[in-house]
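Topology and contacts: notes
Each chain is listed here by its residues.
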Amino acid sequence: MIQTVNVFLHQKNEKIFVGTLAYKNRKIYFEYDKMFMSQNINLSPYMLPLKSGLQVCEDRVFDGLFGAFADSLPDGWGKLLLDRHLMTKGINYHDITPLDRLCYVGGYGIGALTYEPIHEHFAIEKEQIILDDLATSSQQILQGASSEFLDTLLALGGSSAGARPKVMVQINEKDEIIHGNLALVDGFEHYMVKFTNVNDHKEMGKIEYIYSLLAKDAGIYIPPTKLLQTKANSYFAIKRFDRIQDERVHIHSAAGVTHSDFRVPSLDYDDLLALSFHLTKDAQEVQKMFRLAVFNLLTHNRDDHGKNFSFLLNSKNNWKLSPAYDLTFSSGPGGEHSTAYLGEGKNPTLAHLEKLAFKHSIKEYKNIIGEVQEALLKFQDYAKEFELSKTFTNTLLKQFKNQT
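Remember, predicted model here, so these are calculated numbers, not experimental data. (Residues numbered from 1 in each chain as written. Predicted model: local features only at pLDDT ≥ 70, side-chain atom pairs only at ≥ 80, totals over all residues. Heavy atoms only, no water.)

Describing the overall build of the protein
Within the protein one finds 14 helices and 17 strands. Considering only contacts in the protein between residues 6 or more positions apart, those separated by 24 or more positions represent 66%. Carbon and sulfur atoms make up 49% of the accessible area of the protein, which amounts to about 18,400 Å² in all. Side-chain charges in the protein split into 44 positive and 49 negative, and the spacing between the mean points of these groups amounts to 3 Å. (Helix = DSSP H or I, 4+ residues; strand = E, 2+ residues; numbered from the N terminus. Contact = heavy atoms within 4.5 Å. Areas by Shrake-Rupley, 256 points an atom, 1.4 Å probe, with all protein chains shown as cover. Lys, Arg positive; Asp, Glu negative; His and termini not counted. Charge placed at Lys NZ, Arg CZ, Asp CG, Glu CD.)

What about the environment of Gly-107?
By secondary structure assignment, the location of Gly-107 is in the loop between α4 (98-105) and β5 (113-116). The partly exposed category is assigned to Gly-107, whose relative accessible area is 22%. Sequence spacing of Gly-107 and Ser-72 is 35 residues, and the spatial spacing of their C-alpha atoms is 10.0 Å. Setting aside chain neighbours within four positions, we find Gly-107 in contact with Thr-114, Ile-118 and Arg-248. (Buried < 20%, exposed > 50% of the residue type's maximum accessible area, 1.4 Å probe, protein only.)

Notes on the layout of surface pockets
Approximately 410 Å³ is the volume found for the second largest pocket. Forming the walls of the second largest pocket are 24 residues, and the residues nearest its centre are Tyr-221, Leu-321, Ser-322, Pro-323 and Ala-324. Of all the secondary structure elements, the ones that give two or more residues to the lining of the second largest pocket are β11 (243-244), α10 (283-298), β15 (310-313) and β16 (319-321). In the lining of the second largest pocket, the residues fall into 13 nonpolar, five polar and six charged. (1 Å grid on protein atoms, 1.4 Å probe; cavity = no way out; pocket = protein on both sides within 12 Å on 5 of 7 lines; lining within 4 Å. Points joined across faces, edges and corners; volume = space filled by probe spheres on them. Nonpolar A, V, L, I, M, F, W, Y, C, P; charged D, E, K, R; others polar.)

Let's talk about helix α5 (residues 131-142)
Taking 1.5 Å as the rise per residue, α5 with 12 residues should run 16 Å; its terminal C-alpha atoms sit 16 Å apart, in good agreement. Every buried residue of α5 is listed here: Leu-131, Leu-134, Ala-135, Ser-137, Ser-138, Gln-139 and Ile-141. (Expected span 1.5 Å × (residues − 1).)

Observations concerning the sheet that holds β15
Spatially, three strands are ordered β13-β15-β16 in an open sheet, and the strand pairing comes out antiparallel. The sheet is open, and its two edges are formed by β13 (250-253) and β16, each paired on a single side. Averaged over all adjacent pairs, the angle separating strand axes in this sheet is 30°, with direction ignored. (Pairing = 2+ DSSP bridges. Axes fitted to C-alpha atoms, helices over the stretch in contact; angles between N-to-C directions.)

Digging into the pattern of salt bridges
Considering all chains together, one arrives at 18 salt bridges under this definition. For Lys-378, the salt bridge identified is with Asp-217, shortest N-O distance 3.8 Å. Here Lys-378 is found in the loop between α12 (365-376) and α13 (379-385), whereas its partner Asp-217 is found in helix α7 (residues 204-217), with 161 residues between them in sequence. Residue classification places Lys-378 among the partly exposed positions, given a relative accessible area of 38%. For Asp-217, a relative accessible area of 29% translates into the label partly exposed. Between Asp-282 and Lys-320 there is a salt bridge, with the nearest N and O atoms lying 3.1 Å from each other. (Salt bridge = Lys/Arg side-chain N within 4 Å of Asp/Glu carboxyl O.)

Description of the nonpolar core
Judged by nonpolar contacts, the single largest core of 98 residues is most densely connected at Leu-21, Phe-30, Leu-65, Phe-69, Phe-290, Phe-295 and Phe-379. The dominant element in this core, judged by the number of residues it contributes, is α10, at nine residues. Once you skip the residues sitting within four places of it in the chain, Phe-295 turns out to touch Tyr-211, Leu-214, Ala-215, Ala-218, Ile-220, Leu-327, Val-372 and Leu-376. Formed by 27 residues, the second largest nonpolar core is a distinct cluster that contains Phe-122, Leu-134, Ile-171 and Leu-228. (Core = buried A, V, L, I, M, F, W, Y, C linked by side-chain atoms within 4.5 Å.)

Considering the pairing of strand β8 (residues 188-194)
Consecutive residues of a regular strand have side chains that alternate between opposite faces of the sheet. Burial analysis of β8 places six of its seven residues in the buried class, the great majority of the element. Judged from the seven bridges that link them, strand β6 (residues 166-172) and β8 form a sheet pairing that is antiparallel. Within the sheet, the bridge partner assigned to Asn-172 lies in β8 and is Phe-188. Here β8 runs beside strand β10 (residues 234-239); their pairing, made up of four bridges, is antiparallel. Pairing of Met-192 across the sheet is with Ile-238, part of β10.

Here we look at helix α3 (residues 77-88)
If you check α3, its first and last C-alpha atoms are 17 Å apart, about what 12 residues at 1.5 Å a residue would give, namely 16 Å. Where α3 is concerned, the buried positions are Trp-77, Gly-78, Leu-81, Leu-82, Asp-83, His-85 and Leu-86. Looking at the buried side of α3, the elements it contacts are α4, α5, α6 (150-157) and β6. Just beyond α3, the residue with positive phi is Gly-90, at close to 75°.

Re the pairing of strand β9 (residues 225-229)
The buried fraction of β9 is high, at four of five residues. Pairing geometry for β9 and β10, over five bridges, is antiparallel. Bridging across to β10, Leu-228 finds its partner in Tyr-235. In sequence, β9 turns back onto β10 through a hairpin of four residues.

If you want it as structure tokens, here you go:
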């Protein structure tokens, strides 16, 4: 069991020592390095402010870890992979601490933070990646079977969050796919590719791709996306926005910023709009969050929990709302939105959106709602173009109409 971990920030192609985490008596402490403090980079303004001396995490939302570092840890799929890997080595994953997990993430996590000492280096293969093989293996792991690709999947996606299996890769214009943790190869870009979960509809890849197109049509900034099709399957791929070429970008989820438990409904769009203004000091960023709230309501995306909204710290140390991600048809916990609309999670309406807009002084709300509604009219065309089944097409159309 590791007792101390050194934290580093990668910014402007520099590796900057941030400070040290320590574990003692089931509590986690952190202290900023004095040199880092002089640079006035505030990585987590509310829960881990830039100040001298020891700071202790007093809550257990992330098992006693500060949200800034918890955002580096995998949950769902990535956590399952690491737990299975530890079992193969005879290690009881219940016995390791969040600091141990950070050291397994090491330098391969999302965002710009890395951790040392690194517990284990995973082999990085240079051959092209066959998605169908990894998708089959991921299903075996989800169903409890062992897999010869366990360590490969861990190296490719062990730092990822969310329940659905995914891999971090590089993709070129020919849709050739190689390992994501290699130094960026000329002609390739960093992408994340998703596989289906055991309970997912087999067409979820197509659905998420169509949602990405609808979001772009609705004026929502979403990174470039691809639909990677093989003879057997379709896979959704999205360009990583925590990487600019090989340079890392610091990312902080809304859950991590506020220490909100993303596993249960705990946030409201009222909170997210207020947070967007307070953190970014920019009314345009508030509008972006509102447009996302409109899209999620009208498209029945109810898995809108606190880890599915994030903020990025740019090179001038200003916060901006991240590009949108994880936009897809979902029913949410108990059929409700994970993030409520002024307290309403089950049946939010346009009236709730209007009240949110008034409360947060969004004068353009009618135009925003209209633009999202107009974009959704393209759904049937996209469904036909990408050969979405009629059954699923009609199911989504019914849900869209129920929201308008």
